[in-house]
Structures are given as structure tokens and as C-alpha cells.
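For reference, the chains in residue letters:
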Amino acid sequence: MNFELGKLVRPNIWALEPYSCARDEFKGMQAHVFLDANENPYNDPLNRYPDPLQEKLKERLAPFKHVCPSQMFLGNGSDEAIDLVYRIFCNPGIDNVVAIAPTYGMYKVCADINEVEYRSVPLNDEWQLDPKTLLSAADINTKVIWICSPNNPTGNDMSREAIHEVLTKFEGIVVIDEAYSDFSTQKPFRDILDNYPNLIVLNTFSKAWASAAIRLGMAFASEEIIGLFNKVKYPYNVNLLTQEKALAVLDDFMHVEGWLTQIKREREHVLPALQELPIVLKVFPTDANFVLVRVTDANRIYRYLIEQGIVVRNRHRVQLCQDCLRITIGTRQENNELLGAMRFFK
Ligand SMILES: *Cc1c(COP(=O)(O)O)cnc(C)c1O
């Protein structure tokens, strides 16, 4: 493959001289008097700007993710990484991106915000992507292909072979959003980052790591691509409280593992129970912590569930998802409440 990063990046970003913050300029040496950043000397530790590159957290994350700290970007949720991909690679009004459909809504929203054409290619009857169709939607101005696996809202893993084909044949950036990969048995593409100079993998603390409130997303890519993320991001994009809470979560990863096991076990309980309900026409196979179901009347069932105090996601208006609800796997009690309510729907 003919991959040249410099040709893909927006010229203004390639040439950008990034903001140099006080914490960047002073590094390494020991000091005990900090008079460089116009901080207030009182209210330790909140008075100090946090580490702009979150080095301690990246060091701790590295063994979990099998990725070097220099191949990691941390941001204010995955959403920051998604937006940065557009701002780094896509010239507004000129470039375009290609994505599967249906998929996670933020790829399109960020494209619209950045004035980038968004081309969506429908998945097949098995919710799989056809690499040939996806690649044929791309042209000379296509900078990025978005793949979500396991995919939201369909729940299933994209075929590994299909993703491989896209990765090897497309000469632009391929983003694989693995927000749900901890719930899947498929090996994450994060593990083979070094094989693909054009690959960006997204992960998040919001799902398996049970920390949506702290807003922490991750992007993994070559050191060169991560350098671009660091150049464009806000200097202190991840605050101290988030960095500290993330370290605490990593210290307690046995707990997270326990939750994961529990959720996967619950999934085995919920899927067949849903399948038996007369109002459920189809339960789509899932590799995530949610399941897409086709029901007799999504709008009415959605409203009925709300009346029972139960909120699911109505995907009826999403392309190819007519009469579909997306249901998160909860605790045993929550799941039983949902199943009970659905059983009584008239
Ligand atoms: C939930 C989700 C995310 C996580 O987004 P955050 O901004 O990190 O909370 C990313 N991608 C997909 C596909 C998701 O469903």
C-alpha cells in the first residue's frame, strides 16, 4: 500500500505550530517553586494545571491495551477523538468520508459540523459490510473510512476479513471504533496497530469500564498520527479529576472484570427471553452490551415502556432499523422488569 501521511493531512494542520503551554516547556527537571503558569499558589492540588499529555495515566493504561504510551491519545470522551479526526484530515467543503449504515450517529454529526461530506454505505441483511461496495464509495477526496465493531446500533462484530480488506486496500485513514470490543470474543484490532500505518482504533471508559461520567475516550494509532492529535487538541483536554478517577478504575480492574462477566452472563439470559415474546419479531445477534430487536410496533412499545418507567432506545427512524428498539443489558432485576413489562404489552 502506498501510504503517505503528509498527503492526507490538511496542509494547515501539517504546518501548524502548536500552542506551547507552561507545563510543556518545563519538563523532566525537579523543581519546587512553580511561578510559570500564573496559577494561584493556594488550594493544592486543584490550583495546578494538569499534565497536558496525561503521561502517568498512559503508562498505567499501556499494559491493559498492549499499546505504547506514544501510540495513545486521551480525550474528553471518544467524541473528542472523532471530531479531531475531521479537523486533522478533512478540508471543509472539499473532502469526504465513507461509513457503514446504520452506525453510531456522532460520525455524521461531526462531519456536518466540520462541513465534510458523509457517504453512507448500507450493511447487508446480516448487518455485515461488503468491502468492495465500501471501497467503491470512496474517491480521490475520501480521507477517512469509519467502521464500528461491534457496531452500534446493530450489536454485531464486523467480519475480520472484511475489515482487513478495507485496511489493506484503502490508502486513506481507517478508523475502527471498538467502544464495545470488551464484550466481544473477537480479537481487537488495537492488538495489530503496528501492521497498519493508516489505522486509528477508538476505545472508551464509558462502556465496559463503567465510567461514562468522567468523559474519557482513547485513540490508538501510529506515533506519527498521535503526534497530530496532540498538536490539535486543547492543551489541557483531560482534567485532573478525570485522570485521577481513571487511575482509580485501573487500580480496581478486578471489579471491572467482575461486572463484565456479569453483563455477559445477563446477555445470555435476556436474548432467549426476548425471543420468546410475541411482540418480538427478531433478536439480532450481538457481541456488545446491548441488543437490537425488531418488534411489532416500535413507536407504541417504546411509549408504553416509558409509561412503565423503562427507557430503551427507539431506532425506528434509523436507516434499515424500521421497528427496532435498542436495549442495553442491565442488572438481572432491571432486565426482568423490562421483560415483564414487554410480556404484558397489549
Ligand atoms: C458509546 C459509544 C462511544 C463512547 O463515546 P464516549 O464519548 O467515549 O462516551 C463511542 N463509540 C460508540 C460507537 C459508542 O456507542
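Right above here is the structure, for reference.
These notes cover the structure that comes with them. Quick caveat: nothing in here was measured; it's all calculated off a predicted structure.

1. Digging into the site of the ligand
Then step 1. Near the ligand there are 14 residues, and of these Asp177, Tyr180, Thr204, Ser206 and Lys207 occur at the shortest range.
Then step 2. At 2.6 Å from an oxygen atom of the ligand is found a side-chain nitrogen or oxygen belonging to Ser206.
Then step 3. In the model, an oxygen atom of the ligand is placed 3.3 Å from a nitrogen or oxygen of the Lys207 side chain.
Then step 4. A breakdown of the residues in the shell around the ligand according to their chemical character gives five nonpolar, five polar and four charged.

2. Observations regarding the nonpolar core
Then step 1. Counting 54 residues, the largest nonpolar core has Leu129, Leu134, Ile147 and Phe205 as the members making the most contacts within it.
Then step 2. The contacts of Ile147, once residues within four sequence positions are left out, are Leu129, Leu134, Met158, Ile163, Val166, Val174, Val175, Ile176 and Asp177.
Then step 3. Counting residues in hydrophobic clusters, the runner-up holds 35 residues, among them Val97, Cys110, Val116 and Ile225.

3. A word on the pairing of strand β3 (residues 117-122)
Then step 1. Pairing geometry for strand β2 (residues 96-101) and β3, over six bridges, is parallel. Residue pairing in the sheet places Ala101 in a bridge with Pro122 of β3.
Then step 2. Between β2 and its parallel partner β3, the chain crosses via helix α6 (residues 106-113), and the hand of that crossover is right-handed.

4. Notes on unusual backbone geometry
Then step 1. Between Asp44 and Pro45 the backbone carries a cis peptide bond, its omega angle lying at 5°.
Then step 2. Position of Pro45 among the secondary structure elements: in the loop between α3 (22-25) and α4 (55-65).
Then step 3. Residue Pro150 is bonded to the preceding Ser149 through a cis peptide linkage, with omega at -10°.
Then step 4. Among the secondary structure elements, Pro150 is positioned in the loop between β4 (142-148) and α8 (160-169).
Then step 5. Although it is not a glycine, His66 sits at a positive phi angle of roughly 55°.
Then step 6. When you line up the elements, His66 lands in the loop between α4 and β1 (72-75).

5. Some points on the sheet that holds strand β8 (residues 280-283)
Then step 1. An order of β8-β9-β11-β10 is seen for the four strands of this open sheet, with the pairing classed as antiparallel. The sheet is open, and its two borders are formed by β8 and β10 (313-314), each paired with just one other strand.
Then step 2. In terms of strand pairing, β8 meets strand β9 (residues 290-295) through three bridges, oriented antiparallel. Along β9, the bridge assignment pairs Lys282 with Arg294.
Then step 3. Set on the sheet, helix α11 (residues 253-275) makes contact with β8, β9 and β11 (324-328); between it and β8 the angle comes to about 145°.

6. As for the environment of Asn230
Then step 1. In this fold, Asn230 is placed in helix α9 (residues 223-232).
Then step 2. Judged by relative accessible area, Asn230 falls into the partly exposed class, the value being 25%.
Then step 3. For the pair Asn230 and Ser184, spaced 46 residues apart in the sequence, the C-alpha separation amounts to 30 Å.
Then step 4. With near-sequence residues (within four places) excluded, Asn230 lies in contact with Leu53 and Phe73.

7. Some words on the side chain of Ser206
Then step 1. By secondary structure assignment, the location of Ser206 is in the loop between β6 (199-204) and β7 (217-220).
Then step 2. In this structure the side chain of Ser206 is engaged in a polar contact, spanning 3.4 Å, whose partner is the side chain of Arg215.
Then step 3. Other than its neighbours up to four places away in sequence, Ser206 contacts Ser211, Ala212 and Arg215.

8. Some thoughts on the packing of helix α5 (residues 78-89) against α9
Then step 1. For the pair α5 and α9, the least separation of the axes is 10 Å and the interaxial angle reads 95°. Overall, the two elements α5 and α9 adopt an arrangement that is roughly perpendicular. Only Ile225, Leu228, Phe229 and Val232 of α9 make contact with α5, whose side of the interface consists of Ala81, Leu84, Val85, Arg87, Ile88 and Phe89.

9. Re the sheet that holds β2
Strands belonging to one sheet form pairs held by backbone hydrogen bonds; the direction of such a pair is parallel or antiparallel.
Then step 1. Taken in spatial order, the seven strands line up as β1-β7-β6-β5-β4-β2-β3 in an open sheet, and their pairing is mixed. At either margin of the open sheet sits one strand with a lone partner, and together these are β1 and β3. Mean inter-strand twist for the sheet, computed between neighbouring axes without regard to direction, equals 20°.
Then step 2. Relative to β6, strand β5 (residues 173-177) is paired through four bridges, and the arrangement is parallel. The residue bridging Val175 from the neighbouring strand is Ile200, located in β6.
Then step 3. In this fold α8 packs onto β4, β5 and β6, with an angle of close to 155° to the strand it touches most, β5.

10. Thoughts on the side chain of Thr204
Then step 1. Structurally, Thr204 can be placed in strand β6.
Then step 2. A residue is classified by how much of its surface remains accessible, and Thr204, at 6% relative accessible area, is buried.
Then step 3. Separated by 2.9 Å, the side chain of Thr204 and the backbone nitrogen of Ser206 make a polar contact.
Then step 4. Other than its neighbours up to four places away in sequence, Thr204 contacts Ser78, Ala179, Trp209, Leu216, Gly217 and Met218.

About the criteria used
- Residues numbered from 1 in each chain as written.
- Predicted model: local features only at pLDDT ≥ 70, side-chain atom pairs only at ≥ 80, totals over all residues.
- Heavy atoms only, no water.
- Near = heavy atom within 4 Å.
- Polar contact = N/O pair within 3.5 Å; in protein donor to acceptor, adjacent residues only side chain to side chain.
- Nonpolar A, V, L, I, M, F, W, Y, C, P; charged D, E, K, R; others polar.
- Core = buried A, V, L, I, M, F, W, Y, C linked by side-chain atoms within 4.5 Å.
- Buried < 20%, exposed > 50% of the residue type's maximum accessible area, 1.4 Å probe, protein only.
- Contact = heavy atoms within 4.5 Å.
- Pairing = 2+ DSSP bridges.
- Helix = DSSP H or I, 4+ residues; strand = E, 2+ residues; numbered from the N terminus.
- Right-handed = clockwise from strand over helix to strand, strands pointing away.
- Axes fitted to C-alpha atoms, helices over the stretch in contact; angles between N-to-C directions.
- Parallel < 35°, antiparallel > 145°, perpendicular 65-115°, else oblique.

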